[in-house]
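# Report on the structure
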Amino acid sequence: IVADPLFFCAGDTANLLAEIGFVPPGVSFTWSPDEFISDNNAQQVNVYPDSSISYNVLVLDSVSGCVLKDTIDLNVTPEFTIDAGLDRSVCEIDGYQLTVNPSVPIFLNYLWLPFDRFDFPDEQNPIIIGDEPGWFVVQGTSVNQCFAIDSVYISQGLVQEFTLGSDTNICIGTSVELSSGYDAGFTHLWSTNDTTASITVNSTENYILALTSIDGC
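Residues numbered from 1 in each chain as written. Predicted model: local features only at pLDDT ≥ 70, side-chain atom pairs only at ≥ 80, totals over all residues. Heavy atoms only, no water.

Residues H188 and W190 line the buried face of strand 15 (residues 187–190), whereas the alternating positions T187 and L189 sit on a face that is not buried. Relative to strand 17 (residues 209–212), strand 15 runs antiparallel, the two being bridged by four bridges. Bridging across to strand 17, H188 finds its partner in L211. (Buried < 20%, exposed > 50% of the residue type's maximum accessible area, 1.4 Å probe, protein only. Helix = DSSP H or I, 4+ residues; strand = E, 2+ residues; numbered from the N terminus. Pairing = 2+ DSSP bridges.)

Two modes of strand pairing occur in sheets, parallel and antiparallel, and in both the strands are linked by backbone hydrogen bonds. On the basis of which strands lie adjacent, the open sheet formed by four strands has the order 9-13-12-11 and mixed pairing. Looking at strand neighbours, the two that pair on one side only are strand 9 (88–90) and strand 11 (109–113), the edges of this open sheet. Averaged over neighbouring strand pairs, the angle between their axes works out to 30° when direction is ignored. (Axes fitted to C-alpha atoms, helices over the stretch in contact; angles between N-to-C directions.)

This next bit is on a negative patch on the surface. A grouping of D34, E35, D50 and E79 is seen on the molecular surface, where their side chains present a negatively charged patch. Along the polypeptide, E79 turns up in the loop between strand 7 (67–77) and strand 8 (82–83). Residue classification places E79 among the exposed residues on the basis of a relative accessible area of 68%. (Patch = residues over 30% accessible without salt bridge, like charges linked within 9 Å, V, L, I, M, F, W, Y side chains within 5 Å. Areas by Shrake-Rupley, 256 points an atom, 1.4 Å probe, with all protein chains shown as cover. Salt bridge = Lys/Arg side-chain N within 4 Å of Asp/Glu carboxyl O. Lys, Arg positive; Asp, Glu negative; His and termini not counted. Charge placed at Lys NZ, Arg CZ, Asp CG, Glu CD.)

To continue, consider the sheet that holds strand 1 (residues 2–4). The three strands are arranged 1-3-5 in an open sheet whose pairing can be described as antiparallel. Edge strands, defined here as strands with exactly one partner in the open sheet, are strand 1 and strand 5 (44–47). Going from strand to strand, the sheet's axes swing by 20° on average, the running direction of each strand aside. Bridge count between strand 3 (residues 14–17) and strand 5: four bridges; the pairing is antiparallel. Considered in strand 5, the bridge of L16 is made with V45.

Core analysis: the biggest nonpolar cluster contains 19 residues, and I82, L98, W112, I128, F136, V138 and I154 have the highest contact counts within it. For this core, the secondary structure elements donating two or more residues are strand 11, strand 12 (134–141) and strand 13 (147–156). Tallying contributions element by element places strand 13 first for this core, with three residues. Apart from residues no more than four positions distant in its own chain, L98 is found in contact with R88, W112, F118, Q124, N125, P126, I128, F136, V152 and I154. The next biggest cluster of nonpolar side chains, apart from the first, holds 18 residues, and it includes I37, V45, I53 and Y55. (Core = buried A, V, L, I, M, F, W, Y, C linked by side-chain atoms within 4.5 Å. Contact = heavy atoms within 4.5 Å.)

Its location among the elements puts Q145 in the loop between strand 12 and strand 13. The class of Q145 is exposed, set by a relative accessible area of 58%. Along the primary structure Q145 and F7 are separated by 138 residues, whereas in three dimensions their C-alpha atoms are 9.2 Å apart.

If you add up the space inside the largest pocket, you get close to 450 Å³. Lining of the largest pocket is provided by 19 residues; of these, D167, T168, E205, N206 and Y207 occupy positions nearest its centre. Looking at the lining of the largest pocket, its residues break down into eight nonpolar, nine polar and two charged. (1 Å grid on protein atoms, 1.4 Å probe; cavity = no way out; pocket = protein on both sides within 12 Å on 5 of 7 lines; lining within 4 Å. Points joined across faces, edges and corners; volume = space filled by probe spheres on them. Nonpolar A, V, L, I, M, F, W, Y, C, P; charged D, E, K, R; others polar.)

Looking now at the side chain of R117. Assignment of secondary structure puts R117 in the loop between strand 11 and strand 12. Here R117 sits buried without a salt bridge, and the closest side chain of opposite charge, D116, lies 5.7 Å off (N-O distance). Within polar-contact distance, the side chain of R117 engages the backbone oxygen of G130 at 3.3 Å. Residues within four places of R117 in sequence aside, it is in contact with I93, I127, I128, I129, G130, D131, E132 and F136. (Polar contact = N/O pair within 3.5 Å; in protein donor to acceptor, adjacent residues only side chain to side chain.)

On the surface, L111, L113, F115, V137, F147 and I149 cluster together into a nonpolar patch covering about 540 Å² of accessible area. The set of elements that each furnish at least two residues to the nonpolar patch consists of strand 11 and strand 13. By the element assignment, V137 lies in strand 12. The exposure class assigned to V137 is partly exposed, which follows from its relative accessible area of 31%.

Following this line, the structure appears as structure tokens:
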């Protein structure tokens with residue numbers, strides 16, 4: 001059996017030829033399995049399997065009773081996608097590690113773009129260089145040169161820094177309101193154990209606020 005090509009991607013077609021030279025009258029061809037094949041009784045057929053498969057051909061000369069058999073193995077990369085995850089905000093873009101995974105368990109060579117934004121752009125899980133937000137594109141390529149592409153947008157987390165203002169003096173019997181300047185959509189935890197966006201205080205003390213954004217910064 002002659003195959004063209006022998007290695008290909010799911011969704012592509014290969015041509016198989018039972019090559020025996022002169023074909024006299026009374027010679028028949030039977031291919032098996034009879035799936036993903038254009039005509040399992042022809043000398044030359046087109047096949048379109050969705051994964052690696054072996055095809056057999058039986059050639060029978062009805063006049064002489066002679067039988068010929070042959071088998072060929074086709075290496076087919078199954079259909080696949082790759083997933084770099086959802087677009088997301090992170091606390092620190094510089095040094096953040098991206099990861100990509102294929103939808104089926106196959107070996108792929110990876111390439112991330114832009115090249116200069118990664119420590120090793122040809123690795124599956126590279127680390128971003130620089131703190132600029134942006135789109136990052138990755139291509140996964142199989143040994144049969146089948147490929148899939150995905151992209152992910154990485155942005156800076158919402159909270160970078162904040163201030164409660166300068167230290168303040170107040171008179172006995174008066175109070176002052178302290179606020180982070182961020183709304184209640186952020187998680188607030190004061191040293192007083194309050195969890196509101198602002199608090200009103202009337203005693204001498206160091207007040208500390210831990211503020212967490214929706215993306216965990």
